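# Remarks on the overall topology
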Amino acid sequence: MEKYGFNPPQSPEMDLSVADQKQAMLSAIVVNSDDTIISKTLLGMITSWNPAAERMFGFSEAEVLGRHISLIIPPDRLDEETYIIGQIAQGNRVDHFETVRMARDGSFIPISLSISPIKDRKGLVIGASKIARDVSGQIAIHQENARLYEQVKTLNDKKDEFIGLASHELKTPLTSISGYLQILGNIVTDEKAKLFVDKTRQQVKKLTALVSDLLDVSKIEAGKLRLSVERFDIRQVLKDAIELLSYGNNNYDISLETDITELPLKGDPHRIEQVIVNLLTNAIRYSPGTCRIIIYLSCDGYEVKLGVRDFGVGIAPEKLKDIFSRFYRVDDANPNMSGLGIGLYLSHEIVTRHNGRIWAESEQGVGSTFWFTLPVGE
Ligand code: ADP
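Residues numbered from 1 in each chain as written. Predicted model: local features only at pLDDT ≥ 70, side-chain atom pairs only at ≥ 80, totals over all residues. Heavy atoms only, no water.

So, about the site of the ligand. N282, Y286, D310, R329 and L344 are the nearest of the 20 residues found near the ligand. A distance of 3.1 Å separates an oxygen atom of the ligand from a polar atom in the backbone of L340. L344 has a polar backbone atom sitting 2.8 Å from an oxygen atom of the ligand. Out of a free accessible area of 530 Å², the ligand has 97% covered by protein chains. Breaking the shell around the ligand down by element, the ones donating at least two residues are α8 (269-285), α9 (343-353) and β12 (367-375). (Near = heavy atom within 4 Å. Polar contact = N/O pair within 3.5 Å; in protein donor to acceptor, adjacent residues only side chain to side chain. Areas by Shrake-Rupley, 256 points an atom, 1.4 Å probe, with all protein chains shown as cover. Helix = DSSP H or I, 4+ residues; strand = E, 2+ residues; numbered from the N terminus.)

Following this line, the structure appears as structure tokens:
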């Protein structure tokens with residue numbers, strides 16, 4: 001400890017002035033610090049070097065006192081010293097300066113430097129004190145995180161690619177099965193056999209819709225979901241969607257509240273129908289025991305607003321923000337209802353691609369209303 005030019009109090013009887021005691025305390029902190037603490041003059045001559053600096057750089061204090069700080073600066077980073085001294089001479093601090101310094105054995109050490117001016121009694125800057133922390137551990141963690149992120153991203157891309165490929169491959173045999181079932185339906189005369197063919201066709205239709213949704217998801221991920229934009233009448237699209245839904249759910253009471261008679265919009269009518277069918281399907285699936293659905297359609301001259309209201313299980317407020325995410329399902333609320341968690345994700349994508357908005361209002365146990373808007377005149 002003598003190295004630092006002071007003798008810490010050995011016993012309480014020692015008569016040290018308050019200033020001396022303070023000095024001794026500070027010096028003890030410097031000596032015992034795990035951080036490297038170095039001081040130097042404005043010309044860069046090293047004036048102090050604590051044990052942590054010895055451990056970090058491999059030079060003893062005796063070896064470095066009076067030598068220039070460039071001893072530990074890699075040649076291609078000497079400019080940094082000019083910048084640092086410039087800041088210090090103006091009385092400024094330099095905080096968390098991430099850089100690299102060189103140890104005695106030539107190895108490079110990534111460090112974070114904080115440098116403060118040292119002033120004399122008159123306030124004149126006479127040197128600088130540096131605190132350096134080895135950040136190689138943190139850098140290794142960052143690098144590991146970046147590596148893991150890349151790995152997860154690659155796997156995710158592969159998964160998307162697989163979903164795209166698999167759904168594409170599944171579509172062809174499904175189309176053939178549908179075709180053959182239609183022919184079979186026309187051939188069979190036996191009532192029971194007809195019923196089974198019909199039931200099979202319904203299931204194939206469901207499967208086709210699922211595969212088609214999956215294919216759409218992979219198209220979105222690849223930025224390849226195309227819209228076929230044309231002029232269309234939203235009321236007609238709504239009518240088609242309700243009709244489609246009514247086939248399998250004829251005990252449902254779907255009512256429409258609107259004051260619009262005809263409203264031509266610009267967009268992809270098939271995709272908008274897909275959104276409405278999704279919302280209606282959900283309204284039916286997540287309303288066991290109820291059979292009432294209200295559809296609202298209005299226009300304020302700027303945008304069309306369409307709402308699908310059900311009286312079903314509802315959604316907890318904290319889950320509402322997630323329901324439009326890919327593969328998200330409120331599983332605890334409906335453990336027995338199957339689904340892939342992509343319908344609302346697709347609907348969100350389709351509506352936003354039309355420059356519209358989509359959102360939900362819901363109360364658990366009371367029901368939900370899903371709304372979306374589409375701009376008029378785009
Ligand atoms: P899926 O219905 O196939 O799970 P969606 O993306 O259509 O996928 O819906 C995501 C989740 O949002 C559903 O799993 C369900 O928990 C919730 N949800 C959607 N619509 C409703 C609704 N009308 N009422 C209650 N919950 C709903």
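Let's shift gears to a nonpolar patch on the surface. Judged by side-chain polarity, M25, L26 and I29 come together as a nonpolar surface patch covering roughly 330 Å² of accessible area. Mapped onto the elements, I29 comes out in helix α1 (residues 18-32). (Patch = residues over 30% accessible without salt bridge, like charges linked within 9 Å, V, L, I, M, F, W, Y side chains within 5 Å. Salt bridge = Lys/Arg side-chain N within 4 Å of Asp/Glu carboxyl O.)

So, on to the packing of aromatic side chains. Taken as a whole, this structure holds 5 aromatic pairs when the rule is applied. Summarising the aromatic geometry, the rings of W49 and F57 are spaced 5.6 Å apart at their centres and angled 35 degrees between planes, so their arrangement reads as tilted. The exposure classification of W49 matches that of F57, with both residues buried. Centre to centre, the rings of Y83 and F97 are 6.2 Å apart; their planes meet at 25 degrees, and the pair counts as stacked. Here Y83, found in helix α4 (residues 78-89), pairs with F97, found in strand β3 (residues 94-102); they are 14 residues apart in sequence, far enough to count as distant. Y83 gets classed as partly exposed once you look at its relative accessible area, which sits at 42%. Look at F97 and you get buried, because its relative accessible area is 19%. (Phe/Tyr/Trp six-rings, centres within 6.5 Å; stacked < 30°, edge-to-face > 60°. Buried < 20%, exposed > 50% of the residue type's maximum accessible area, 1.4 Å probe, protein only.)

Moving on, we come to the sheet that holds β3. In spatial order, the strands read β2-β1-β5-β4-β3; together these 5 strands make up an open sheet with antiparallel pairing. Looking at strand neighbours, the two that pair on one side only are β2 (46-49) and β3, the edges of this open sheet. Direction aside, the axes of adjacent strands within the sheet are offset by 30 degrees on average. α4 contacts β1 (36-41), β3, β4 (108-119) and β5 (125-134) of the sheet and is inclined by roughly 150 degrees relative to β3. (Pairing = 2+ DSSP bridges. Axes fitted to C-alpha atoms, helices over the stretch in contact; angles between N-to-C directions. Contact = heavy atoms within 4.5 Å.)

Our next topic: the pairing of β3. Bridging between β3 and β4 involves 7 bridges; their strand directions are antiparallel. Its bridge partner being in β4, F97 is matched across the sheet by L113. Connecting β3 to the antiparallel partner β4 that follows it, the hairpin turn spans 5 residues, and G106 within it adopts a positive phi of roughly 85 degrees.

This part takes up the environment of F311. Following the sequence through the fold, F311 ends up in the loop between β10 (303-310) and α9. Once residues within four sequence positions are removed from consideration, F311 is found in contact with S287, T290, R292, I294, V366 and G367.

Another point: the domain arrangement of the protein. How big an interface is tends to be stated in terms of the accessible area lost upon association of its parts. Assigned domains within the protein: domain 1 (12-134), domain 2 (140-221) and domain 3 (230-375). The interface of domain 2 with domain 3 comprises 11 residues on the first partner and 9 residues on the second. For the pair domain 2 and domain 3, the two sides together bury roughly 950 Å², of which 61% comes from carbon and sulfur. Of all residues in domain 2, D213, V217 and I220 give up the largest surface area on contact with domain 3, accounting jointly for 46% of the area buried on that side. On the surface where domain 2 and domain 3 come into contact, there are 3 salt bridges. For R271, the salt bridge is made with D216, and the minimal N-O distance between the two is 2.8 Å. Joining domain 2 to domain 3, the criterion identifies 4 residue pairs in polar contact (both at pLDDT 80 or more). Going through the elements one at a time, α5 (136-187) and α6 (191-221) are the ones with two or more residues in the side of domain 2 that touches domain 3. Among the elements that line the side of domain 2 that touches domain 3, the one with the most residues is α6, at 7 residues. (Domains from an automatic or database assignment. Buried area = accessible area lost by both parts, 1.4 Å probe.)

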